[in-house]
Amino acid sequence: MKPLSDLLQTHDFTARHLGPSEAEQADMLAELGVSSLDELTETTLPEAIQFRGELKAGEGVTEAQALADLKRVAQKNKVFRSYIGMGYHGTHTPPVILRNMLENPGWYTAYTPYQAEISQGRLEMLLNFQQVVMDLTGMPISNASLLDEGTAAAEAMTLAKRQAKSKGNVFFMADDVHPQTLDVVKTRAEYFGFEVVTGDPTAELPEGVFGVLVQYPGTYGDLRDLSPMAEKVHAVGGALIVAADLLACALVTPPGEQGADIVVGSAQRLGVPMGFGGPHAAFLACQEAYQRSMPGRVIGVSKDVRGKTALRMAMQTREQHIRREKATSNICTAQALLANMAAAYAVYHGADGLRTIAGRVHRLTGILARALQNAGLTPSVTFFDTLTFEGDAAAIRQRAEAKGINFRYEGNQVSVSLDETVTPADLADVAEAITGQTVDVLALDTQAVDGIPEGLKRTSEYLTHPVFQTHRSEHGMLRYLKMLENRDYSLVHGMIPLGSCTMKLNSTTEMIPVTWPEFGALHPFAPADQTEGYAELLAELEAWLADITGYDAISMQPNSGAQGEYAGLLVIRKYFESRGEHHRNVCLIPASAHGTNPASAAMMGMQVVVVKTDANGNIDFDDLTAQAEKHSENLAALMITYPSTHGVYEENVRDVCDLIHQHGGQVYLDGANMNAQVGVAKPGLIGSDVSHLNLHKTFAIPHGGGGPGMGPIGVKAHLAPFLPNHVVRDVSGSQTGAVSAAPYGSASILPISYLYIKLLGAHGLRKATQVALLNANYIASKLAGAYPILYKGKSNRVAHECIIDIRPLKQACGVTEEDIAKRLMDYGFHAPTMSFPVPGTLMIEPTESEPKAELDRFIDAMLQIRREIQEVQDGLLKAEESPLKHAPHTQDDLMADEWNRAYSRETAAYPSKHQKGWKYWPAVNRVDNVYGDRNFVCSCPPVEDYIGA
Ligand SMILES: Cc1ncc(COP(=O)(O)O)c(C=O)c1O
């Protein structure tokens, strides 16, 4: 009989997280000529960087245990009714959206829709999002989400600077903008060299203004006519930016009808839980003249080769990877899943529903205003949902907290923001907490104050597109969501071997706590004694991450990898400034770096100097030495990715770090590839000073179809005093400004990474990295005979990903990496990363979570595609006539009466035996990108277009 210790299944999760079984691992190791995972690690990693100790992540626990333990932590949070406002509001997530979107891996495990043909579902919902934003704000175009309202305002500032006629350098912010927005914008402005001035926007503007930002309604609730401000700022050649509340826009004249040039804001209150600060989708809408400079992704309408309407990410030439060091924005991962939730909320409620919800919120606020007046208080005169008044704040707070209610307090000033969750009974509690008297809410209904001035009442229609009128029943909505989900390829279908993206398992256990109210329903500015559960989770997670990375302190504020880069460079600059070395502003970046690296450096006012890479893809040490010497005086930082973006562990990385330190610089190690380091190496031990971690890669947060993410940074002790802080909640004790709107970024998805680490424990984490190496090297070994592996490191091995070179094939017969990517769809796969970091290549990252059977299926597909290419090379088929150029094939292709291709229908859509059992159908044929950019449309097309009528 087995002893109990063998029956407790403590390490079962590790086996579930890993794709290949122990026996399969042994076979794969044999294929590579090694006998164990440890031998593979030893012979692949440079000796100088190997970490052979044990991480402090514990032993790993069962899924049931992990959830029970975390529930106890969660219950230390107190879920109050929070009427604090400041851009975060209670909301009801319609259950049909909660279960079928937020809690559904069909939606949350997809990647950014780079492969449009297999992403039509989320592209359609993101287009809906843009339409919602355009309609509610009254603007002609919108992007498909930004990280939060604070950074959206900062993006708007730089957009205004690029577009405005004014040559001035002053950015003016109304004194009633949310404080966290002011904090983020000030941080951003400093290194662009803009002067931020705050004041009364109805007074004279200061000299030299290029942009004005106002909050609508203001942070204390006031509603102001925007038109006079628009006139004033336009008269000096500047732009008016309005940070608007989307729910208010259902009732008030939208900013677009009052002369706004850019409108930003958060779509949180459209059905997305507050989550202690995030994740939520922010938005940026603007006038057409600004379109080509707009930051973030924009979904556009195009057509496929059959002429069918097809959606895609438009104008990608604007993306940060193209503008690199000339960039004014570094946004990459955004908030796609949350944008989709907000859009679904608008689809489900429609214009009538939104008007009713907004009307109820306003009516309840009007009743409260009357109750306060009756009690001798003087609340705001104009308002949508927020009242501010002077009173005995201490007494009010005591009564409110006794009832489990939070308001906003500043001295004796109290602000109350109502939301869609507020019932008449809640309002009675609110009124009683404030006035100390019982209030009959229903009796006051007829005396409700109207807070919207006559001239600001909305008269224009919105959400008139049929999509916002069609899916009103729950069945209708369920089926619409499912129909869109079925058009998208996600991890529920098969592997998504995108290099640099780490599309690993996002386990169900890890996802469950995200929607627990103890994590989801907290306001980011709730008092600390209500958020002790979060404090415990943050402290433990930070300690684990510090140990895993070899750093001394962690900041949880950045909401994405790119934000982490920005935060890390900010910390470096602040560090130098503290030493009087303001002049250090040169940032060395290898040519192969991800586009966000130079973009982040440019945003920090740094001079980007590109370092060459050698023929093996490594940093050219001679060039690095020459550049470091040349710029020694002003050297601020080197940004490297490790393992490199070429997918190899560079041997001399320690020498590289030493060299930079000798010249007085700091090393920023981009942690996007941490999945090849956890448990086997540590950036802090390698010699780096700061890194971001993409928790949405290595630490199991799902990618959400383009976000959310989390990009915390780790730093060495000397940089810790400069970590980002936050105006509302002191999170670091430093003088550095905020980089995100919320103190801990998108806090409510941190339980995912927390559980990932807790479930695997030290041993499982190390093993995950080792199996990631094994899977990548197995693929490289199997494909090497058919496609050249572009870069290899020690022992002829790759790290956790490998690049195959398609350029020789293109030269030989005209078949491109894009053709292979599209043809893979016919075989039921998502393509690897195309043309990054080397044009004309495919970068494959299988991760540790892919089973051997799935790897073999992929390898078979790639080898069969290679044989298809060979037929073209051998002249048996012209490239244009081959299935490669016509891929992907759709049901429309197969159903066509005429079939005049040089290959059979079966070859087209059932190219291997695997499709016989189950077939994934791309929704559209190859999308015409050029047409879409030439005929740019980012609003919902007529419904008939989708059905090709
Ligand atoms: C190497 C590298 N650095 C930085 C980033 C930026 O991360 P994020 O998309 O989270 O902003 C990425 C994202 O793909 C990346 O691959």
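Residues numbered from 1 in each chain as written. Predicted model: local features only at pLDDT ≥ 70, side-chain atom pairs only at ≥ 80, totals over all residues. Heavy atoms only, no water.

An unreviewed UniProt entry lists the chain under the name Glycine dehydrogenase (decarboxylating), from Deinococcus deserti. Per UniProt, the chain has the following entry under Cofactor (unreviewed entry): "pyridoxal 5'-phosphate". In the Subunit (unreviewed entry) part of its UniProt record, the chain is described as follows: "The glycine cleavage system is composed of four proteins: P, T, L and H." (UniProt positions renumbered as here; feature names shortened; annotations may be inferred.)

### As for the side chain of Asp-176
Within the secondary structure, Asp-176 sits in the loop between strand E3 (170-174) and helix H10 (179-192). You can call Asp-176 buried: its relative accessible area is 6%. Within polar-contact distance, the side chain of Asp-176 engages the side chain of Arg-224 at 3.0 Å. (Helix = DSSP H or I, 4+ residues; strand = E, 2+ residues; numbered from the N terminus. Buried < 20%, exposed > 50% of the residue type's maximum accessible area, 1.4 Å probe, protein only. Polar contact = N/O pair within 3.5 Å; in protein donor to acceptor, adjacent residues only side chain to side chain.)

### Brief notes about the layout of surface pockets
Here the second largest pocket defines a volume of roughly 370 Å³. For the second largest pocket, the lining is made up of 23 residues, of which Gly-90, Thr-91, Met-274, Thr-421 and Ala-521 are closest to its centre. Those elements giving two or more residues to the lining of the second largest pocket turn out to be strand E1 (81-82) and helix H19 (517-520). When its residues are assigned to classes, the lining of the second largest pocket shows eleven nonpolar, ten polar and two charged. Residue assignment places the lining of the second largest pocket across two domains, with domain 1 (88-114 + 123-296 + 334-493) and domain 2 (517-758) each supplying three or more. (1 Å grid on protein atoms, 1.4 Å probe; cavity = no way out; pocket = protein on both sides within 12 Å on 5 of 7 lines; lining within 4 Å. Points joined across faces, edges and corners; volume = space filled by probe spheres on them. Nonpolar A, V, L, I, M, F, W, Y, C, P; charged D, E, K, R; others polar. Domains from an automatic or database assignment.)

### A word on the domain arrangement of the chain
Here the chain is partitioned into domain 1 (88-114 + 123-296 + 334-493) and domain 2 (517-758). The gap between the C-alpha centroids of domain 1 and domain 2 is 31 Å. Contact residues are listed per partner, giving 36 residues for domain 1 and 47 residues for domain 2. Considering only the side of domain 1, the residues that lose the most area to domain 2 are Tyr-88, Tyr-191 and Phe-276, jointly responsible for 27% of the buried surface there. Summed over the shared surface of domain 1 and domain 2, the number is one salt bridge. Between Lys-574 and Glu-190 there is a salt bridge whose closest N-O contact spans 3.0 Å. Where domain 1 packs against domain 2, one counts 23 residue pairs in polar contact (both at pLDDT 80 or more). At the level of secondary structure, the elements contributing two or more residues to the side of domain 1 that touches domain 2 comprise helix H7 (105-108), helix H9 (149-163), H10, helix H13 (336-374) and helix H14 (393-402). Here the element with the most residues in the side of domain 1 that touches domain 2 is H10; it accounts for nine residues. Of the residues in the side of domain 1 that touches domain 2, the class split is 19 nonpolar, eleven polar and six charged. (Contact = heavy atoms within 4.5 Å. Buried area = accessible area lost by both parts, 1.4 Å probe. Salt bridge = Lys/Arg side-chain N within 4 Å of Asp/Glu carboxyl O.)

### Section: the pattern of salt bridges
Here the structure, examined in full by the defined rule, presents 47 salt bridges. The residue Arg-16 makes a salt bridge to Asp-12 at a minimum N-O spacing of 3.6 Å. In this pair, Arg-16 and Asp-12 are both assigned in helix H2 (residues 12-17), four residues apart and thus about one turn of the helix distant. Judged by its relative accessible area of 52%, Arg-16 is exposed. Among the salt bridges present, the one from Glu-31 reaches Lys-782, with a minimum N-O distance of 3.5 Å. Taken as a pair, Glu-31 in helix H3 (residues 22-32) and Lys-782 in helix H26 (residues 750-783) lie far apart in primary sequence, 751 residues in all. Since its relative accessible area comes to 33%, Lys-782 is described here as partly exposed. Counted as one network, the salt bridges with shared partners bring together Arg-81, Lys-403, Asp-426, Asp-429 and Glu-432.

### Considering the sheet that holds strand E13 (residues 408-410)
Taken together, three strands build an open sheet; the order of strands is E11-E14-E13 and the sheet is antiparallel. Two strands lie at the open edges of the sheet, namely strand E11 (386-390) and E13, each paired on one side alone. With strand direction ignored, the average angle separating the axes of adjacent strands in the sheet is 20°. Taken together, the five bridges between E11 and strand E14 (residues 413-417) define a ladder with antiparallel strand orientation. The partner of Leu-387 across the bridge, within E14, is Val-416. (Pairing = 2+ DSSP bridges. Axes fitted to C-alpha atoms, helices over the stretch in contact; angles between N-to-C directions.)

### Brief notes about the pairing of strand E24 (residues 841-844)
Consecutive side chains along a regular strand alternate between the two faces of the sheet. Side-chain alternation along E24 places Thr-841 and Met-843 on one buried face and Leu-842 and Ile-844 on a second face that is also buried. Here strand E22 (residues 802-805) runs beside E24; their pairing, made up of four bridges, is antiparallel. Bridge pairing links Ile-804 to Leu-842 in E24. Alignment of strand E23 (residues 833-834) against E24, held across two bridges, turns out to be antiparallel. The partner of Met-834 across the bridge, within E24, is Leu-842. Hairpin connection of E23 to E24: six residues between the antiparallel strands, including Ser-835 at a positive phi of 60°.

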